[in-house]
Amino acid sequence: MGKNVHFSFAFSNGGIYYPGQTVQGEAIVDVKQEVKIRGLLLTFCGEANVHWTESHDSGDGTSYTEHYSSHEQYFSMAWPCLSPPPGIESMIIQPGSYRYPFTFQIPMGCPSSFEGSIGQVRYYVKANMDRPWAFDDTATAIFSVANLIDLNREPEAMNAANAEDHKTLCCLCCASGPISVKNYLPKLGFVPGEAIPIKAEIINHSNRNGQFFMQVVQIVQYITRRRTNKITTVIGETTRRN
């Protein structure tokens, strides 16, 4: 037997918003059979959570698992959609489809939505239908927040960057010629969808052929009160033989 109450949500702007922007939408409730409720409440939340575990040596040949976690809340706003008349504890909802418009403003300064391996920044709306003497009917829908950075206000964004390094290969007492690499970026700041032109010069004076690769790496730092965890992920790579 399927659920008697089904929730769905419709957001304006495709469900993507900026801090300070007003979110508009509808909560759609489909009821198959009449249901007795104390009320219907929508809650809009923005929060960050991080959690990971580490194994440590106890010193006696055994190990134990340590949990590291942290929580940060940016906002939590309640929106009562439906409630019984004053003095009445509950009410009956007849079968049918009901739509409840909602609107609220995202506070300024909220960070962008993010999904990581051990932590997330999430924004969501949760519907809760309070049922007397029964389990509540609940549903959650995610929406996205994009906190864009204005590169015009970042003085170093337009600065060029370059780096170089070299390595000498050795085999027993014989050393080959050096391998040198030079990289150049025309600027440090880029926006989503923009191509990153990387100029690389590889000079191989050794007597060996090699494979050279260049990576774009994302570094995310997860912070709790007791420990910090840095996760490095390769999000782009190109290779070349020389």
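Residues numbered from 1 in each chain as written. Predicted model: local features only at pLDDT ≥ 70, side-chain atom pairs only at ≥ 80, totals over all residues. Heavy atoms only, no water.

(A) Layout of the sheet that holds strand β8 (residues 96–105). Ordered by their spatial adjacency, three strands build an open sheet running β1-β3-β8, and the pairing between neighbours is antiparallel. The sheet is open, and its two borders are formed by β1 (5–11) and β8, each paired with just one other strand. Strand-to-strand twist in this sheet, taken as the mean axis angle between neighbours without regard to direction, amounts to 20 degrees. Alignment of strand β3 (residues 22–31) against β8, held across ten bridges, turns out to be antiparallel. (Pairing = 2+ DSSP bridges. Helix = DSSP H or I, 4+ residues; strand = E, 2+ residues; numbered from the N terminus. Axes fitted to C-alpha atoms, helices over the stretch in contact; angles between N-to-C directions.)

(B) Quick look at the packing of aromatic side chains. In this structure the tally under the stated criterion is eleven aromatic pairs. Both rings, one in Y123 and one in F143, keep their centres 6.2 Å apart while their planes meet at 40 degrees; by these two values the pair is tilted. Of the two residues, Y123 is situated in strand β10 (residues 119–130) and F143 in strand β11 (residues 137–145); the sequence distance between them amounts to 20 residues. Overall, the relative accessible area of 1% leaves F143 in the buried class. Every member of this aromatic cluster is reached through a ring pair, and the members are F11, Y17, F44, Y74, F75, F102, F104, Y123 and F143. (Phe/Tyr/Trp six-rings, centres within 6.5 Å; stacked < 30°, edge-to-face > 60°. Buried < 20%, exposed > 50% of the residue type's maximum accessible area, 1.4 Å probe, protein only.)

(C) Representation of the side chain of E47 within the structure. One can find E47 in strand β5 (residues 39–57). It is R122 that comes nearest to the buried, bridge-free E47 among opposite-charge side chains, at 6.9 Å. Here Y124 takes part through its side chain, which lies 3.5 Å from a polar atom of the side chain of E47. If sequence neighbours within four positions are ignored, E47 has contacts with H71, E72, Q73, Y74, Q120, V121, R122 and Y124. (Lys, Arg positive; Asp, Glu negative; His and termini not counted. Salt bridge = Lys/Arg side-chain N within 4 Å of Asp/Glu carboxyl O. Polar contact = N/O pair within 3.5 Å; in protein donor to acceptor, adjacent residues only side chain to side chain. Contact = heavy atoms within 4.5 Å.)

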